[in-house]
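Examining the three-dimensional arrangement
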Amino acid sequence: MIEGLHQWILAVTAISLLTALCQALTPPGPVKRVSNLTCGLLIFFVLVQPLARADYAQLLEDFQDYYAGLGDYDATLADTNSALTEELIAQNTAAYIEDKAEAAGITCAVTVACGQRDGVPVPETVTVSGSLSQEEQAWLLALAENDLGLEATAVQFEEEEGGE
């Protein structure tokens, strides 16, 4: 295809130079008008020559292949977008819980796992690590239930080894 484009550009350039030379050498009058018409037609035919020689069946097939590839790319992009959104929601939810806990004087580390609900990623389970008292665990459970809409069974507590 590149070679064909290269040849077409060379043909357009050559015919343009030839017509410019022809018009420069043609004397004014009716001969000049005929020369202008002839040169214009030559340039036109050279410009539209690729359209006349095009293999439209092959072009259609190439376009269909390209369009099918876009569908595959679109699906891959949607999957990647969903995974990134899920990861972002998990990170932001964990940061939210840690910030709220820190404001309440609770030191802990939080990890959140997301799941899909109606095609939308939502926090599904929360794991809280740290040396927490029963009151602190109850406070974190209430936070998860009230602010995040999670059930108490979705929150798990892990005792931290050696403390922070």
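For the structure, check the block above.
Given the structure is predicted, the values throughout are model-derived calculations rather than measurements. (Residues numbered from 1 in each chain as written. Predicted model: local features only at pLDDT ≥ 70, side-chain atom pairs only at ≥ 80, totals over all residues. Heavy atoms only, no water.)

Of all hydrophobic cores here, the largest spans 18 residues; its most connected members are Cys108, Val110, Val126, Val128 and Leu140. Secondary structure elements with two or more residues in this core: helix H3 (56–103), strand S1 (109–117), strand S2 (120–129) and helix H4 (134–148). (Core = buried A, V, L, I, M, F, W, Y, C linked by side-chain atoms within 4.5 Å. Buried < 20%, exposed > 50% of the residue type's maximum accessible area, 1.4 Å probe, protein only. Helix = DSSP H or I, 4+ residues; strand = E, 2+ residues; numbered from the N terminus.)

Every α-helix carries 3.6 residues per turn, so stepping three or four residues along brings you back to the same face. For helix H1 (residues 2–25), with 24 residues, the first-to-last C-alpha span of 35 Å sits near the 34 Å given by 1.5 Å per residue. Residues Val12, Ile15 and Thr19 constitute the buried set of H1. In the core, the buried residues of H1 are packed alongside helix H2 (30–53). (Expected span 1.5 Å × (residues − 1). Contact = heavy atoms within 4.5 Å.)

A cluster of like negative charges, contributed by Asp55, Glu61, Asp62 and Asp65, occupies part of the molecular surface. The residue aspartate 65 is located in helix H3 in this model. For aspartate 65, a relative accessible area of 51% gives the class exposed. (Patch = residues over 30% accessible without salt bridge, like charges linked within 9 Å, V, L, I, M, F, W, Y side chains within 5 Å. Areas by Shrake-Rupley, 256 points an atom, 1.4 Å probe, with all protein chains shown as cover. Salt bridge = Lys/Arg side-chain N within 4 Å of Asp/Glu carboxyl O. Lys, Arg positive; Asp, Glu negative; His and termini not counted. Charge placed at Lys NZ, Arg CZ, Asp CG, Glu CD.)

Two elements, S2 and strand S3 (residues 155–158), share 4 bridges in a ladder whose sense is parallel. Note that in S3 the partner of valine 128 across the bridge is phenylalanine 157. In this view, the connection linking S2 to its parallel neighbour S3 by way of H4 has right-handed handedness. (Pairing = 2+ DSSP bridges. Right-handed = clockwise from strand over helix to strand, strands pointing away.)

Moving on, we come to the side chain of threonine 26. Within the fold, threonine 26 resides in the loop between H1 and H2. Within the structure, threonine 26 has its side chain in polar contact with the backbone oxygen of cysteine 22 (distance 2.5 Å). There is a polar contact of 3.4 Å between the side chain of threonine 26 and the side chain of serine 35. When residues no more than four places from it in sequence are discounted, the contact partners of threonine 26 are Val31, Lys32 and Ser35. (Polar contact = N/O pair within 3.5 Å; in protein donor to acceptor, adjacent residues only side chain to side chain.)

Taken in spatial order, the 3 strands line up as S1-S2-S3 in an open sheet, and their pairing is mixed. The outermost strands of the open sheet, each flanked by one partner alone, are S1 and S3. Adjacent strand axes in the sheet meet at a mean angle of 25°, parallel and antiparallel pairs treated alike. Of the strand pairs in this sheet, S1 and S2 are connected by 9 bridges, and their pairing is antiparallel. Along S2, the bridge assignment pairs glutamine 116 with proline 121. In the packing of H3 onto the sheet, the strands contacted are S1 and S2, and the crossing angle to S1 comes to about 140°. Against the sheet, H4 makes contact with S2 and S3, and its axis sits at roughly 150° relative to S3, the strand it touches most. (Axes fitted to C-alpha atoms, helices over the stretch in contact; angles between N-to-C directions.)

We now examine the packing of H3 against H4. The interhelical angle for the contact between H3 and H4, taken along N-to-C directions, is 130°, at an axis separation of 11 Å. Taken together, H3 and H4 sit at an angle that is classed as oblique. Viewed along their axes, H3 and H4 form a crossing whose handedness is right-handed. Residue-level inspection shows Thr93, Tyr96, Ile97, Lys100 and Ala101 of H3 in contact with H4, the latter providing Trp139, Leu140, Leu143, Asp147 and Leu148. (Parallel < 35°, antiparallel > 145°, perpendicular 65-115°, else oblique. Left-handed = near helix turned anticlockwise from the far one by under 90°.)

Examined against the element boundaries, threonine 19 turns out to sit in helix H1. A polar contact of 3.0 Å, which involves the side chain of threonine 19, links it to the backbone oxygen of serine 16. Beyond its immediate chain neighbours, meaning those up to four positions away, threonine 19 contacts Cys39 and Ile43.

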